[in-house]
Every structure is written in C-alpha cells, then in structure tokens.
Amino acid sequence: MALSRLEKVQAWLFRAVTSFFFMIFQLLSSPAASSRKLPPVSNPLLLQSATQLAKKIRRKEVSSVEVVQAYIDRIQEVNPFVNAVVKDRFAAALQEAAQVDKLIEEETGGEDVLEDRLPLLGVPLSVKESYSLQGMPLSTGLLSRRGVIASVDAPPVALLKRAGAVPLGVTNTSELCMWLESHNHLYGITCNPYDLERIAGGSSGGEGSILGAAGAVIGVGSDIGGSIRIPCFFNGVFGHKTTPGVVSCENQYPPTSGTQHEYLSSGPMCRYAEDLLPMLKIMAGPNAHKLSLNAAVDLKKLRFFSVPHDGGSPYSYPVSKELLDAQEKVVKRLEADLGVKVQEVCLPELRYSFQIWDTYMSLPDEEGKPPLAFAELMGEPGRPAWAFWELLKRMVGKSEHTIPAILLALFEKTHLSMSSPFIIQQKEALQKKMEELLGTDGVLLYPPHPRVAPKHHHPLFRPFDFAYTGILNILGLPVTQCPLGLGEEGLPLGVQVVAGKLQDHLTLAVALYLEKAFGGWRDPGAK
C-alpha cells in the first residue's frame, strides 16, 4: 500500500529537518582520527561457549579460576577501548571461582549431579547495570544515583548465580535506559568493538559491547523497545527478547509504570547460540514450563515468512541494501537447506510502528494512572527535571543529563501521544494478522534496524529507527536477534527471528541453524 499524500509530506518534512540539523552537526564536529583496533583473542578459553566451559570445569579439564582469570584479563585488555564494564568485582569473582573448584573437588555425586544442580557452575557472567546485583551500583547512568548500591539480586541474576554463574561486573547503559546509544555523564560512552567510532547500541550497549569484544561469554539484558536486540545486532552477538511475563523484571531501574510492564522483557545475551536455551531455562525459573523449551524442533516442519521492511514509515529510514541482501541470503539458504518455501509477506500496519509504540507506551494503568514522566525519573530523588532549563545548561556544558535524555523529556512535555482510534485500530489489526500468520509453527524474519551500527551521536538525527524492534515489544512476541557475518564496512549484519507468543523455542532453534549457516560471532580483532 503506497503512502498517502499527507504521509509523503510528513516524511519529506521530517527528513528535511533532521538532515538540516545533521549537516550542522557534521560541520561543527571535529573529524574522527582514531584508527585503533581491538587486539585479537589469544586465549582459546575465550572461544568456547558457556555450555562447553561449564562441562570442562565439571570434568576438571580446566578450573573455574583459570576461566574467570582469562575473562578478567580480556576485560582489562579491551575495556580501555570500549568502556563497556563500568564497575568490576574481579577479586570477589576469583574467590567465588576458587570456591567452585573446591566444591568440584569435594563432590562425590559425579558430573551428572553437578550438571543437573548447577548447569553454569564456574562460568563468568556480565550483568547490565540497570539490574540489581548485590553490592554493585544501580544508577542507570544518572549522576544523582551515583551512590546507589543494590542490596539484593534481581530474580534472573539470582537464578543465574544459583546455577553457578560467577558475575564479573556490571555494564554501561544509556541514561535511564531510554536511548539507543549507551552514553551517560556518570560512566561515559561505550564503543562498538568492530569500529570504535560507532555506537554499541542501547540500552544494553555495555553488555553487547563486552560480549562482542570477547570480554564476556554470557550476559543479561532487558528490552522494552529493542534494548537487547539492537546492541546484539550492532555488536554481532545473539540475544533473545522473551515472551513478556515469563522472566521476572523485578529489581530493575527504572521501574515500569502505566502498562509498560506488558512490553518489557528480560532475556539472555551471548556470543554462542547454544547458550541461549539453557540460560533462558534458568532465568525463567518457575515459569520455564510455559515455553516448551525441552520440545524438539524440526525446522523442516516450520512455516517461514519474511518481511523485508516496514512498508515506508514517515518516521524511520529505508532499510539499507546490504541488510535487505543479508535477509534475502537467509531466505535462499533456508529454502536450499531445508526444502521449505519462505513466503514474503506485506503487513501495511508496520508503517505505523513508531506511532503504535509511542501510543501504547503512554497508556495509563488499570486504575487510570498515566506512566511516570521521564522528567520525574531524571530528577530522582528530588524534583522533576525542567527540560528547557536543562537544554540551556547543556548548551554551556553545565547539565548533568545527556542530550537524548533532555530531548526525550522535551518531547514528552510538548508532544501529545497519538492515542487516536486509528492507531489503536492499526495495532489491533497487526496483532490479529501476526497471531494468525505465526500460530504455533510459524517463524518470521524481520530487519532489526534500517542500517548497521551508526557513528556516535548520529541516532539523534534518526531517532525513530528503533521502531523495527519496538513494534515487536508492543505485540508481545518472542524474538531472537541473530548475527549474519560482517558487511561491507566490517560491521555486523543480522536479522530478527520472530515467533508466536510462548513459542520461544522455535526462534532459539532457528538461531542455532543460522549460527552454523552464517558463522555466528566474529572476532573483531581478527585480521
């Protein structure tokens, strides 16, 4: 369905204005001169999945102390480049690893007992800073929260620790987790391991970056608009946005309000696809049975669909040719390898992805109470931030807040959410179509973003491109982000794999296949 005349005018105006400001930004920006590159991975322990490492540790083929030390060394090697880990707990982690090795020495029940009871015993873990990790900061990049220390573990973190994982530290986020670049005035800016002049994504950008840099093997993220999937895409790793309500989102900051809890998901992030399913089993805790994670998946019996773009939204930019080509390669490979027919589908409602996301994120709760204003969160623990005043202060370098946070607060202040009956209708029509299309055996391919990782601060001029991921939060569908090798500029390519509600096991199975077919994660330091 072609754009209406009004939509064409909106698209032209939006792109003309953002292009004008982008031109000014480029004129004022100093040219980047950095040619630094991450050192290649040299320790073979860093090139094994968490599943493989746990097995070797249980069998005493390698000690947990050796594995943890290998990852500490790698973090110390790469973090000066990427600024992903913002607070470590290396000394405590080594003590915990030593206790793991002692436990294995004293265990009399054998390897099977350990595997059943402690499937991640001795394996290092990184944690997004917005999750409560006992004894570690819980600021989400807000200067006014710099002294806040978590007193408990968030449920998914507690479950992973109970399964034997050893946390190494916490990783950077965007300010208050509401932007797609991980940058704040408390910890600074996080860089992409494949190109330090590029963004790592957000809000789980620190997780994505340290995983992509081989400074971690598994981690945890949260996702309300793409905050797991965008960083995983930009950093060439795997991530899973779980069906909402399965993995607990308690003890994270900032808290959800309004109906936002219906769209927020916690999930695993990792370099190797085989770690997704065991991590999800652990993180889901008592809800794991809802996902049929033990069910065998025959890919040849699935129905596959491909949606190459959103149909031409006035707010998001067109998908680049290299990402369109990458998704088409997946289509052809599936058809050649599995003998299936991948059907290309047009869903016109996707054109309104941003408006749908914006509308539903602004809905009041059951008692009619609207979501907490972003300015209130910015001012925590005091009075709400005054966005106009913060913008003036930022112009002279005096604001404690980042430009994206200030602009979001201004947007909320001046923008009436488009909760029109038309947008509600578009969402309901899209929900119905997707549920009928996917059922319990359907899988859909969809781009994670219109382009590969952009340069630092460039998303300011294309702020709504996250709608490619955000729409799937509102639809409540499980999605696995999968890497597809590197593109023309040496940056990761990728695709979202979507299934029906509670059919997470289907997308995880496809992720395993795509890793074998396209090579999975690539060492950013390799020549």
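Nothing here was measured: the structure is a model prediction, and the numbers come from that model.

Turning our eyes to something else, we now look at the overall build of the chain. Secondary structure summary: the chain contains 17 helices and 15 strands in total. Scaling as 2.2 N^0.38, a compact globule of 527 residues should have a C-alpha radius of gyration of about 24 Å, and the chain matches this with 22 Å. With respect to the three principal axes, the spread of C-alpha positions in the chain is 70 × 60 × 55 Å. Counting only contacts in the chain whose residues sit at least 6 apart along the sequence, the fraction spanning at least 24 positions is 78%. As displayed, the chain has an accessible area near 21,500 Å², and 56% of this comes from carbon and sulfur atoms. Charged side chains of the chain number 51 positive and 55 negative; the gap between the two group centres comes to 4 Å.

Further remarks concern the packing of helix H15 (residues 421–438) against helix H16 (residues 467–475). It is the contact of H15 with H16, at a shortest axis distance of 10 Å, that shows an interaxial angle of 80°. Between H15 and H16, the interaxial angle falls into the category roughly perpendicular. Note on element contacts: H16 touches H15 through Ile471, Leu472, Ile474 and Leu475, opposite Lys427, Leu430, Gln431 and Met434. Tallied by class, the residues present in the contact of H15 with H16 amount to six nonpolar, one polar and one charged.

Here we come to the pairing of strand E10 (residues 265–270). Across the six residues that make up E10, a large majority, six, are buried. Here strand E8 (residues 218–223) pairs with E10 via six bridges, running antiparallel. When the bridges of E10 are listed, Gly221 appears paired with Gly267. In this structure, strand E9 (residues 238–241) lies alongside E10, joined through two bridges in antiparallel fashion. Directly across from Gly239, in E10, lies its bridge partner Met269.

Our focus in this paragraph is helix H17 (residues 504–518). An ideal rise of 1.5 Å per residue puts 21 Å on 15 residues; H17 measures up with 21 Å between its terminal C-alpha atoms. When you tally the buried positions in H17, you get 13 out of 15 residues, the bulk of the element. Directly beyond the C-terminal end of H17, a positive phi value near 95° is found at Gly519.

Between helix H10 (residues 321–338) and H17, the least distance of the axes is 12 Å, while the angle of their chain directions is 100°. Considering the angle they form, H10 stands roughly perpendicular to H17. For the pair H10 and H17, contact is made by Lys329, Val330, Arg333, Leu334, Asp337 and Leu338 and by Tyr513, Leu514, Ala517 and Phe518, respectively. Among the residues making up the contact of H10 with H17, the classes are represented as seven nonpolar, no polar and three charged.

Moving on, we get to the domain arrangement of the chain. Each assigned domain of the chain is listed here: domain 1 (41–350 + 425–518) and domain 2 (364–418). Between domain 1 and domain 2, the C-alpha centre-to-centre distance is 28 Å. Listed as interface residues are 19 residues of domain 1 and, on the opposing side, 21 residues of domain 2. Summed over both sides, the interface of domain 1 with domain 2 buries roughly 1,600 Å², with 65% coming from carbon and sulfur.

Per the counting criterion, the structure on display carries 20 salt bridges. Asp195 is the partner of Arg198 in a salt bridge, and the nearest nitrogen-oxygen pair spans 3.3 Å. According to the relative accessible area criterion, Asp195 is partly exposed, its value standing at 22%. The partner of Asp337 in a salt bridge is Arg333, with the nearest N and O atoms 2.8 Å apart. Highlighted residues: Asp337 and Arg333, both in helix H10, separated by four residues, approximately one helical turn. Judged by its relative accessible area of 37%, Asp337 is partly exposed. Via salt bridges that share partners, Asp195, Arg198 and Glu489 belong to a single interconnected network.

Among the surface-exposed residues, Trp386, Phe388, Trp389, Leu392, Met395 and Val396 lie close enough to one another that they form a single nonpolar patch of about 720 Å² accessible area. Inspection of the secondary structure assignment puts Met395 in helix H13 (residues 387–395). The exposed category is assigned to Met395, whose relative accessible area is 61%.

In terms of burial, strand E2 (residues 124–128) is a largely internal element, five of the five residues being buried. In E2, alternate side chains face the same way, and those of Pro124, Ser126 and Lys128 on one face and Leu125 and Val127 on the other are all buried. Where E2 lies against strand E3 (residues 166–171), five bridges are found, and the strand directions are parallel. Bridge pairing links Leu125 to Pro167 in E3. Two elements, E2 and E8, share two bridges in a ladder whose sense is parallel. By the bridge assignment for E8, Ser126 is matched with Gly219.

UniProt feature "active site" (unreviewed entry): in the numbering of this structure it lies at Lys128, Ser203 and Ser227. Spatial clustering of the annotated residues is evident: they stretch over 100 residues in sequence, but the largest pairwise C-alpha distance comes to 10.8 Å. With respect to the helices and strands, the residue Lys128 is situated in strand E2. Excluding its chain neighbours within four sequence positions, the residues that come into contact with Lys128 are Thr171, Thr173, Cys177, Ser203, Ser204, Glu207, Val220, Gly221, Ser222 and Ser227.

In space, the 11 strands of this open sheet follow the order E1-E3-E2-E8-E10-E9-E14-E15-E13-E11-E12, with mixed pairing throughout. At either end of the open sheet lies a strand with only one pairing partner, and these are strand E1 (85–88) and strand E12 (342–344). Put simply, the sheet's adjacent strands are angled 25° from each other on average, direction ignored. Helix H4 (residues 90–106) contacts E1 and E3 of the sheet and is inclined by roughly 160° relative to E3.

What counts as what
Residues numbered from 1 in each chain as written. Predicted model: local features only at pLDDT ≥ 70, side-chain atom pairs only at ≥ 80, totals over all residues. Heavy atoms only, no water. Helix = DSSP H or I, 4+ residues; strand = E, 2+ residues; numbered from the N terminus. Rg over C-alpha atoms; globule rule 2.2 N^0.38 Å. Contact = heavy atoms within 4.5 Å. Areas by Shrake-Rupley, 256 points an atom, 1.4 Å probe, with all protein chains shown as cover. Lys, Arg positive; Asp, Glu negative; His and termini not counted. Charge placed at Lys NZ, Arg CZ, Asp CG, Glu CD. Axes fitted to C-alpha atoms, helices over the stretch in contact; angles between N-to-C directions. Parallel < 35°, antiparallel > 145°, perpendicular 65-115°, else oblique. Nonpolar A, V, L, I, M, F, W, Y, C, P; charged D, E, K, R; others polar. Buried < 20%, exposed > 50% of the residue type's maximum accessible area, 1.4 Å probe, protein only. Pairing = 2+ DSSP bridges. Expected span 1.5 Å × (residues − 1). Domains from an automatic or database assignment. Buried area = accessible area lost by both parts, 1.4 Å probe. Salt bridge = Lys/Arg side-chain N within 4 Å of Asp/Glu carboxyl O. Patch = residues over 30% accessible without salt bridge, like charges linked within 9 Å, V, L, I, M, F, W, Y side chains within 5 Å. UniProt positions renumbered as here; feature names shortened; annotations may be inferred.

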